[in-house]
Each structure stands twice: as structure tokens, then as C-alpha cells.
Amino acid sequence: MKKILAIALALCMVLSLGVMACAEPAKELTLWTYPIGAWGNAETVEALMADFEAATGIKVSVEYLDYTNGDDQVNTALEGGAAPDLIMEGPERLVANWGVKGYMVDLADLWDDGDKAEVNAACQSACFTADGKCYEYPVVMTAHCMAINYDAFKEAGADQYVDIENHTWTTENFIKACDALYAKYGEAVGDVFCAGQGGDQGTRALINNLYGGTFTNAEHTAYTADSAENVKALELLQSLDAIYFNAAEVGNDEIIAFRQGLLKMAFCWNIAQQLNSDNNDAGLTNDGEEIVFMSFPSETGESKLCGGIWGFGIFDNGDEAKVEAAKEFIKYFCDGKGTAPAIKAASYFAVRDIAGGEDISGIWADNEVMNEYKVLMPYLGDYYQVTSGWATARTEWWNMLQRIGDGGVVADEVATFCANANAAAEG
């Protein structure tokens, strides 16, 4: 009997070793992420990755990119055949750039009828190409806006021109507010920053909304910033004493000047800025003055806001096993157990109300600022950043604004912008 037991034990050990030897090694993925909220914070992201590994057995190493050198790092990696498995950013990079160039995996198979019904329609549209390929699966979105120093507005008597309950105002009242602020402070209170492309969604939205212009056509095949409406808007800004074209600042510089009280309005703003508490409590300038976020002015008071969409894409590195593991990552964080923590880390709004079968619509119920900011989300406009020639168009845009700031004829300068941007789009 003992001999039989010994043989059985030996067989078990041999079988066990065989199973271990044949077992598939644990998957390992690489993720590169731009600083999207706390997705740029190593401590936060490592905790998210630890939860994912515990749930799936898939280990993920992370590299953190910034918006100064990140694109160059990715392009260099692509040229050297060393791209990461996953990347987190927006459709202008994942879809309109690396996707259309053939570097990314088509994720259309991740979308079932439930996903298509649950995910915000504008987000879906931005993540797919015209031929039905999907190069990004979205997780969060926001609407970019502007902000005002409400205490300064009250001191100047300009508070009568803003609807702070709905966070809207008309073009006519924007002009009146600018005149009142200039009369009070005797200097420009807002600037059209144009040292580079940083924060340029703010200047585009300001100009497009003032008189109802557009930046591209609806098909995203051509740039239309030379419309009569946009010419009128730029001529208005060029004429206002309270506004100046600043070739020494990008969006982040404008935000700093606004927080310091040097400017009384900022055109580069979003929920992340409204929640920022680096130098004072959220919603206050450095000196404690109240910041009110605002939609951009329009003739009707109802604007079309530039949106931010962020999610994940997969680089096609030729390893099908890794592609499948990367898809598992995407489903976990975009439509599964990890979705709510992913959204919380990003500090933006969910692109869907249901994830993994669970209702996440109340994810920000305990955050007063996030709940208030939601009033702007219905104004989310067309995501035109996926138009061909986008990189060239951005450069041409701030160069055009500089020339207008130097006294250039608006109609001539926007015509030059469109000629150069459309040449890139067609090329």
C-alpha cells in the first residue's frame, strides 16, 4: 500500500511539474500615457495597474509622457520598432495621426450594440475613421470653456452681462463687459495667446462662437476658418481695447496670468482648471478672488464648445497575444470593473452611463464643482480635431493670430491660413 501511495505521489509531482513547465507565461504590456488628470501621476497609475494585474494576471509597465516631447518620443519609438502596446490620449493623435498612418490596431470588434447605445455619440464618431475603423476606445470626455474673475467683473459693473446660473453670455454682452472692464482697469483684461499651439482650443472656440463660424466643414475634409463669421469675430477682437493678441504666451501662460490677477478672463479653461488648488482653494485666484467658468459668448448665448476626448489605443506590434491582452485592458478600464477608478483618476466626465453592466452616472454625485460644470456638457460641439492636416493647421493658426495681432488684414490672413491648412489636408 505504501508503495502504491509513493508511486501515486511521484506521478502527481511529475504531472504538476509538467503543468508548470507548459503553463503560458504571464502577459506583460507597456502603456504610455499623456498627463490626463492623475493618469500622469505614477502613484495613482501604479495602484490602477496593480488592481488590473490582480484581476487579470496581466502586468503593465507605464511610461509617462508630456505634451512638450511626448509626440517626438512616440514617433521615435515607432520609427525604431519599439512602440508601446497601449497608449492613452485623444483622437487627434490616436485616430487622425498614428491610426490613419497604419500604426494602430482596429478596435471596431470591441463595440457591440450595447456599447454603441451607451457611449456618447460625439465620442464614438471621433474614434472611428470614415471607413469604419476604430483606433481609440474612449473612457472620459469634457467640454473646454473660458473663465472670468467674477470679483473683478463685479467691481467693474460687468457682472450684469453674464448669466452665472447657466454660465452663458451673448456676444453683445461680452462686448459690453469688455468695455466696462477696460473703463475700470484702463488696460487689456484678456489676451488672444498665440506663442504656440498650447491651449489653442480656447482661441478657436472664442473666434468660432462669437458670430457662429466654423473651423472645418462637417465632413472634416477642409478648413473653413476664413468664413465671413470668423473674419467678423477676429476684426472685433482686433478692435477691442480690452483684448490684445499676445505672441509671448500660450494657454498655460495665460492661465498663470489669470490666476495672478493680471488678466480678468481666461480663454483656456476646463474642469481640471476649475478644480485646481495648487495656489489656493479650487475656484479662487491666487489672491482669493472668485473664478466662474463660462461658456464662450455667442449671438444666442448657446455656444459650441471644443471637446476633449481621452481613451486608449493599441499599437500594432505584430504580437497577437499582446493585442488580445491589450484589448482586455481596454475593456477593463473602459467598460468594466476598472472604469469608475479610471474616470476618477482622469477627473473628467464618463463617456457612458453604464460600464460593465453597472450604472456609473452618479460617479461625481459627491462633487459640487463637477455637478455644476455638467451644465456645459450639452454644448459639446463637433470634434473636428480629426481633420487631415491637423498638425499643420495648428501651426498655421497661431502664426495667423500673430500676424493679425501685428496689424495684418484679417480677411487676407485667414485666407492664407486656409490655403496652407487645406494644402496639408489634401496632401
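Anything mentioned here points back to the structure above.
About the cut-offs
Residues numbered from 1 in each chain as written. Predicted model: local features only at pLDDT ≥ 70, side-chain atom pairs only at ≥ 80, totals over all residues. Heavy atoms only, no water. Helix = DSSP H or I, 4+ residues; strand = E, 2+ residues; numbered from the N terminus. Buried < 20%, exposed > 50% of the residue type's maximum accessible area, 1.4 Å probe, protein only. Contact = heavy atoms within 4.5 Å. Areas by Shrake-Rupley, 256 points an atom, 1.4 Å probe, with all protein chains shown as cover. Lys, Arg positive; Asp, Glu negative; His and termini not counted. Charge placed at Lys NZ, Arg CZ, Asp CG, Glu CD. Pairing = 2+ DSSP bridges. Axes fitted to C-alpha atoms, helices over the stretch in contact; angles between N-to-C directions. Salt bridge = Lys/Arg side-chain N within 4 Å of Asp/Glu carboxyl O. Core = buried A, V, L, I, M, F, W, Y, C linked by side-chain atoms within 4.5 Å. Parallel < 35°, antiparallel > 145°, perpendicular 65-115°, else oblique. Left-handed = near helix turned anticlockwise from the far one by under 90°. Nonpolar A, V, L, I, M, F, W, Y, C, P; charged D, E, K, R; others polar. Expected span 1.5 Å × (residues − 1). Arc of directions from axis to C-beta.

> It is not clear to me how the overall build of the protein should be interpreted in this structure. Could you clarify?
Each helix and strand counted, the protein has 17 helices and 13 strands in total. Seen through its C-alpha atoms, the protein measures out along the principal axes to roughly 105 × 50 × 35 Å. Of all 427 residues assigned to the protein, the portion counted as buried reaches 51%. Sequence-distant contacts in the protein: of pairs separated by 6 or more residues, those separated by 24 or more amount to 74%. In the form shown here, the protein has an accessible surface area of approximately 18600 Å², with 50% of it arising from carbon and sulfur atoms. A gap of 8 Å separates the mean positions of the 25 positive and 65 negative side-chain charges of the protein.

> How should I be thinking about the sheet that holds strand β5 (residues 145-149) in this particular structure?
Sheet strands associate in pairs through backbone hydrogen bonding, adopting either a parallel or an antiparallel arrangement. Taken in spatial order, the three strands make up an open sheet running β8-β5-β9, and their pairing is antiparallel. The outermost strands of the open sheet, each flanked by one partner alone, are β8 (265-269) and β9 (291-294). Adjacent strand axes in the sheet meet at a mean angle of 30 degrees, parallel and antiparallel pairs treated alike.

> I keep staring at the pairing of strand β4 (residues 137-143) and nothing clicks. Help me out?
Moving residue by residue along a regular strand, the side chains alternate between the two faces of the sheet. Of all seven residues that make up β4, seven are buried, and the element is covered over most of its length. Strand direction decides the pairing type here: β4 and strand β10 (residues 307-314), joined by six bridges, are antiparallel. Note on β10: the bridge partner recorded for Tyr 137 is Phe 312. Alignment of β4 against strand β11 (residues 349-350), held across two bridges, turns out to be antiparallel. Opposite Met 141, over in β11, you have Phe 349 as the bridge partner.

> How should unusual backbone geometry be read in this particular structure?
Excluding glycine, most residues fall at negative phi; most peptide bonds, likewise, are trans. We note that His 220 has phi near 60 degrees; this positive angle belongs to a residue other than glycine. Along the polypeptide, His 220 turns up in the loop between α9 (200-210) and α10 (228-239). Classification of His 220 as buried rests on a relative accessible area of 16%. We note that Ser 347 has phi near 60 degrees; this positive angle belongs to a residue other than glycine. Among the structural elements, Ser 347 can be located in the loop between α14 (339-346) and β11. Under the relative-accessibility criterion, Ser 347 is labelled partly exposed at 25%.

> Would you mind showing me how to read the pattern of salt bridges here?
Proximity of charged atoms lets side chains of opposite charge pair with each other. Throughout the structure, instances matching the rule amount to 17 salt bridges. The partner of Arg 204 in a salt bridge is Asp 200, and the shortest N-O contact between them spans 2.9 Å. Highlighted residues: Arg 204 and Asp 200, both in helix α9, separated by four residues, approximately one helical turn. With its nearest N and O atoms 3.9 Å apart, the salt bridge here joins Glu 324 to Lys 327. One end of the pair, Glu 324, and the other, Lys 327, are both in helix α13 (residues 320-334), three residues apart, so they sit about a helical turn from each other. The exposure class assigned to Glu 324 is partly exposed, which follows from its relative accessible area of 46%. Overall, the relative accessible area of 11% leaves Lys 327 in the buried class. In the salt-bridge network here, residues are joined through shared partners; they are Asp 115, Glu 118, Lys 331, Asp 335 and Arg 352.

> Help me out: how do you make sense of the nonpolar core in this one?
Taken as a class, soluble globular proteins show a tendency for nonpolar side chains to be buried jointly. Counting residues in hydrophobic clusters, the biggest one holds 139 residues, and the most contacted among them are Trp 39, Phe 174, Met 265 and Phe 329. Here this core gets eight residues from one element, more than from any other, and that element is α13. If near-sequence neighbours (up to four positions away) are discounted, Phe 329 is found in contact with Leu 29, Leu 31, Met 49, Phe 52, Val 60, Leu 86 and Phe 312.

> Looking at this structure, how should I read the packing of helix α16 (residues 390-405) against helix α17 (residues 410-426)?
What describes two packed helices is the angle between their axes and the distance between those same axes. Across the interface, α16 lies against α17 with an axial gap of 9 Å and an inter-helix angle of 165 degrees. In this view, α16 runs roughly antiparallel relative to α17, as classed from their interaxial angle. Like other packed secondary-structure pairs, α16 and α17 cross with a definite hand, here right-handed. On α17, the residues touching Thr 392, Ala 393, Glu 396, Trp 397, Met 400, Arg 403 and Ile 404 of α16 are Val 410, Glu 413, Val 414, Thr 416, Phe 417, Asn 420, Ala 421 and Ala 424. When grouped by side-chain class, the residues that make up the contact of α16 with α17 number nine nonpolar, three polar and three charged.

> How should α17 be read in this particular structure?
For an α-helix, the turn length of 3.6 residues means that residues three or four places apart are oriented alike. Taking 1.5 Å of rise per residue, 17 residues should cover 24 Å, and α17 covers 24 Å from first to last C-alpha, within 8% of that figure. Burial in α17 covers these residues: Val 410, Glu 413, Val 414, Phe 417, Cys 418, Ala 421, Asn 422 and Ala 425. Considered in projection along α17, the buried side chains sweep an arc of 155 degrees and stay on one side of the axis. Summarising the contacts, the buried residues of α17 are in contact with α10 and α16.

> Is there a simple way to think about the packing of α9 against α16 in this case?
Two elements in contact, α9 and α16, have axes whose closest approach is 11 Å; the angle formed by their N-to-C orientations is 70 degrees. Our classification of the angle between α9 and α16 gives roughly perpendicular. Note that α9 runs across α16; the crossing there is left-handed. On α16, the residues that touch Asp 200, Thr 203, Arg 204 and Ile 207 of α9 are Trp 390, Arg 394, Trp 397 and Leu 401. Classifying every residue of the contact of α9 with α16 gives four nonpolar, one polar and three charged.

> How do you make sense of the environment of Glu 290 when you look at a structure like this?
Its place among the elements puts Glu 290 in the loop between α12 (271-275) and β9. The contacts of Glu 290, once residues within four sequence positions are left out, are Ile 148, Asn 149, Tyr 150, Asp 151, Gly 283 and Leu 284.

> Honestly, the side chain of Ser 303 in this entry has me stumped. Any pointers?
Turning to its location among the elements, Ser 303 is positioned in the loop between β9 and β10. Among the residues examined, Ser 303 registers a relative accessible area of 5% and is labelled buried. Apart from residues no more than four positions distant in its own chain, Ser 303 is found in contact with Asn 209, Ser 295, Phe 296, Ser 298 and Tyr 379.

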